[in-house]
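Read off the chains here:
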Amino acid sequence: MNVYPFIEAEQAGKHNVKRACELLQVSRSAYYRRSHVSARARTDRDLTAEIIAIHDASKGTYGVPRIHAELAAAVREAIAATITALPEQLRRTLTWDRGKELAQHARLTIDTGVQVYFADPHSPWQRGTNENTNGLLRQYFPKGTDLARWNTGELEAVAATLNSRPRKALGWRTPGEALNDLLSSTQDSGVATTG
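Counting from 1, residues in each chain are numbered in the order their sequence is written. Selection of residues for local features in this predicted model requires a pLDDT of at least 70, selection of side-chain atom pairs for listing and counting requires 80 or more, and totals for whole chains, interfaces and linings are taken over all residues. Note that water and hydrogens are dropped before the side-chain values are worked out from all heavy atoms of the structure.

**Q** Please clarify how the packing of aromatic side chains should be interpreted in this entry.
**A** The description of two aromatic rings rests on the distance between their centres and on the angle between their planes. The criterion for an aromatic pair is that two Phe, Tyr or Trp rings (for Trp, the six-membered ring) have centres within 6.5 Å, with stacked assigned to planes under 30 degrees apart, edge-to-face to planes over 60 apart and tilted to the rest. For the coordinates displayed, the defined rule picks out one aromatic pair. Centroid distance Phe141 to Trp150: 5.0 Å. Interplanar angle 70°. Geometry classified as edge-to-face. The cut-offs for exposure are 20% and 50% of the maximum accessible area for each residue type, with area from a 1.4 Å probe on protein chains only; residues under the lower value are buried, those over the upper are exposed, and the others partly exposed. Residue Phe141 is classed as buried on the basis of its relative accessible area, which comes to 9%. In this structure Trp150 comes out as partly exposed when scored by relative accessible area, which is 24%.

See below:
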């Protein structure tokens, strides 16, 4: 004879679990630990496994492609608006890291005529000026800072401050002075030199 006859009866749908547990002096949790997995629990478990498999296959990109597309469009528009204001001899190429924010690089090239090149993965030395500038910017905006908190005027003030800061690589001239020297030399000779 089974020690828990009411549990078997409950599984067959003949008795109430609560009453069976009272008669046998067994807790409900003990009953459910011993009971078989219900059809609904099996279905829930299977659905959960399927959702996890889909999520793993998508590598956590749910909703992300749309966000990256919007970011790429915004970045392309901002770069195009800024770079077209530069003299033509200064906007021939742009070297970028491998971030998703420049996914629309081909359209940027079509819109502006600027050739976009990408640095090799894990090769920050290929973008030395960029890495140095990022370090300087971190003094004003710690990593992870949301730049939307600042207006354009405040961001331009930081850019002006950095462009008026002397640099050893430029012979202790400021980037603004170096740019002016370059522009005046190209206007005089028609050919840019790197000194």
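**Q** What is the right way to read the pattern of salt bridges from this model?
**A** Any two side chains of opposite charge can pair, on the condition that their charged atoms come close. By definition, a salt bridge exists where a carboxyl oxygen of Asp or Glu is found within 4 Å of a side-chain nitrogen of Lys or Arg. Counted according to the given criterion, the structure contains five salt bridges. Notably, a salt bridge pairs Arg127 with Glu131, separated by 2.4 Å at the nearest N-O pair. According to the relative accessible area criterion, Arg127 is buried, its value standing at 11%. Here the salt bridges do not stand alone but share partners, grouping Arg76, Glu77, Arg107 and Asp111 into one network.

**Q** What is the right way to read the nonpolar core from this model?
**A** Grouped burial of nonpolar side chains is what soluble globular proteins tend to show. Counting ten residues, the largest nonpolar core is built from Val75, Ile79, Ala80, Ile83, Leu94, Trp96, Leu102, Leu108, Val114 and Val116. Secondary structure follows DSSP: runs of H or I at least 4 residues long count as helices, runs of E at least 2 residues long count as strands, and numbering of each begins at the N terminus. Elements represented by at least two residues in this core include exactly α5 (64-83) and β1 (93-96). Of all the elements, α5 adds the most residues to this core, at four residues. In this description, contact between two residues means that some pair of their heavy atoms is separated by no more than 4.5 Å. Those residues in contact with Ala80, other than ones at most four positions away along the chain, are Leu108 and Thr112. Among buried residues, those of type Ala, Val, Leu, Ile, Met, Phe, Trp, Tyr and Cys that are joined through side-chain atoms within 4.5 Å constitute a nonpolar core.

**Q** In this structure, what is going on with the side chain of Arg167? I would like to understand it.
**A** As for its placement among the helices and strands, Arg167 is situated in the loop between α8 (152-163) and α9 (175-189). Counted as positive: Lys and Arg. Counted as negative: Asp and Glu, with His and the chain ends omitted from the count. Look at Arg167: it is buried, it has no salt bridge, and the nearest opposite charge is Glu177 at 11 Å. Whenever a nitrogen or oxygen atom comes within 3.5 Å of another N or O atom, the pair is scored as a polar contact, on the condition that within protein one atom can donate a hydrogen and the other can accept it, and that pairs from neighbouring residues in sequence are kept only if both atoms are in side chains. Within the local environment of Arg167, its side chain forms a polar contact with the backbone oxygen of Leu162, the two atoms lying 3.1 Å apart. Not counting chain neighbours up to four residues away, the residues in contact with Arg167 comprise Leu136, Leu162, Trp172, Arg173 and Pro175.

**Q** When you look at the pairing of β1 in this model, what are you seeing that I'm missing?
**A** A regular strand places its side chains on the two faces of the sheet in alternate fashion. Residues Leu94 and Trp96 point to one face of β1 and are all buried, whereas Thr93 and Thr95, pointing to the other face, are not buried. With four bridges connecting them, β1 and strand β2 (residues 115-118) associate as parallel partners. In the strand pairing of β2, Trp96 is matched with Phe118. A crossover connection joins β1 to the parallel β2 through helix α6 (residues 105-112); in handedness this β-α-β unit is right-handed. For two strands to be treated as a pair, DSSP must find at least two bridges joining them. Seen with the strands pointing away from the viewer, any crossover whose path from the first strand over the helix to the second strand runs clockwise is right-handed.

**Q** Hey, could you run me through the side chain of Ser123 in this one?
**A** When you line up the elements, Ser123 lands in the loop between β2 and α7 (128-137). The class of Ser123 is buried, set by a relative accessible area of 8%.

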